[in-house]
Amino acid sequence: MECPHDFESFRDFAVQLAKEAGAIHLTYFRGSDLSLRTKSNLYDVVTRADRESEEYIARRIAECYPAHALLGEESGERGTVGSDYRWVVDPLDGTTNYSQGLPVFTVSIALQYGGETVVGVVYAPYLGELFTAVRGGGAFLTLHDGEPQRLHVSAKTMLAESVLATGFPYDKDIDPDNNCDNVARIVPHVRDLRRYGSAAYDLACVASGWLDGFWELALHEWDVCAGILLVEESGGRVERLRPDRGWSIVAGNTTLIAAMREKVR
Ligand code: IPD
Ligand code: CA
Ligand code: CA
């Protein structure tokens, strides 16, 4: 097996893994054999597609790059912890959608080198949308295996003409700091708001200019690592909203982020 070592080759490797993981998702999608279980509470579900796709990705990374570290949602830190190289993987982002038969779900794979994200891949297998970025090289969308198209974030600066997305944390029932107040403050001022159910896809949509902005509280590194690079490499910006609630981020162009931050916190 060939295991290359430059960032473009790591991207191509991540694309291959994302497509193979996506094929696992599609095998069970809308079928009767999801082996659905709950995790932290009744709202937080996991399926055999989450588990099998993470195992697949982790095995391929360990075979090719045994000296690299890996953070995966379903199994935590593994591999050579402390390595300069660290893969950050959400094998299925959007499990609630997936478990309901809704089409927005993704594979999110990032590679960090020396603590900086250098490769980001988000793949939506049902939609046939592949988003990729290598640090310094721009972000791209490949639709149904066609030609890659360069991505650019939206240039809109007014909330009133903007369509934003957000999401809600799984502990929304026990922690009143659950984003409902932010939604109530911002909804009257925006063209509209979406809740797609995959933070990685939300960030990919910001990178593509399909969404003007996105914010969410209490995400995890695996939800956002690849998507943040997509946004940055398409000319956008991602800011941490606050230090006390996991990965709480706001994404868009600089001017729109400032307008969003007047309403969300
Ligand atoms: C979830 C999705 C969702 C976000 C949740 C995440 P999962 O990830 O990204 O959009 O609102 O906070 O946990 O559980 O489907 O991998
Ligand atoms: Ca996730
Ligand atoms: Ca997940």
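Since we're looking at a predicted model, the values are computed, not measured.

Q: Lay out the pairing of strand β7 (residues 116-124) in plain terms, naming residues and giving numbers.
A: Counting buried residues along β7, eight of its nine residues qualify, which places the element largely inside the surrounding structure. Bridge count for strand β6 (residues 106-113) against β7 is seven bridges, and the pairing is antiparallel. The partner of Leu111 across the bridge, within β7, is Val119. Linking β6 back to β7 in an antiparallel pair, the connection comprises two residues, with Gly114 at a positive phi of about 60 degrees. A loop of four residues connects β7 with strand β8 (residues 129-134), the two strands running antiparallel in sequence, and Gly128 in this loop sits at a positive phi of about 70 degrees.

Q: Provide a residue-level description of the coordination of the calcium ion (ligand 2), including the pertinent values.
A: Reference values for coordination geometry: four tetrahedral donors around a metal ideally subtend 109.5 degrees, six octahedral donors ideally subtend 90 or 180 degrees. Surrounding the calcium ion (ligand 2) are the protein donor atoms Asp90 (OD), Asp93 (OD) and Asp223 (OD), which sit 2.1 to 2.2 Å from the metal. Here the donor residues of the calcium ion (ligand 2) share one chain and are spaced in sequence as D-x2-D-x129-D. Taken as an interatomic distance, the gap from the calcium ion (ligand 2) to the calcium ion (ligand 3) is 3.6 Å; Asp90 donates to each of them. Of the two residues, Asp93 sits in strand β5 (residues 85-93) while Asp223 sits in helix α6 (residues 221-233), which places them 130 residues apart along the sequence. In this structure, Asp93 and Asp223 share a single accessibility class: buried.

Q: So what's going on with helix α5 (residues 199-208)? Which residues, and what values?
A: Burial analysis of α5 places 10 of its 10 residues in the buried class, which makes it a mostly covered element. Buried within α5 are the following residues: Ala199, Ala200, Tyr201, Asp202, Leu203, Ala204, Cys205, Val206, Ala207 and Ser208. Positive backbone phi, approximately 80 degrees, marks Gly209, located one or two places after α5.

Basis of the calculations
For every chain, the first residue of the written sequence is number 1, and numbering continues from 1 onward in sequence order. Here chains are named by letter from A upward and ligands by number from 1 upward, in the order in which they appear as written. With pLDDT at 70 or above as the cut-off, local features in this predicted model cover only qualifying residues; side-chain atom pairs require 80 or more to be listed or tallied, and sums for whole chains, interfaces and linings still use all residues. Heavy atoms throughout the structure, all of them, feed into the side-chain values; hydrogens and water do not. Think of it in three bands: with a 1.4 Å probe and only protein chains considered, a residue is buried below 20% of the maximum accessible area for its type, exposed above 50%, and partly exposed in between. Helix and strand definitions follow DSSP, with helices as H or I runs of at least four residues and strands as E runs of at least two, each counted in order from the N terminus. Strand pairing is assigned whenever DSSP identifies at least 2 bridges connecting the two strands. Metal coordination here is assigned from N, O and S atoms located within 2.8 Å of the ion, or within 3.2 Å for Na, K and Ca; omission of water means that sites may look incomplete.

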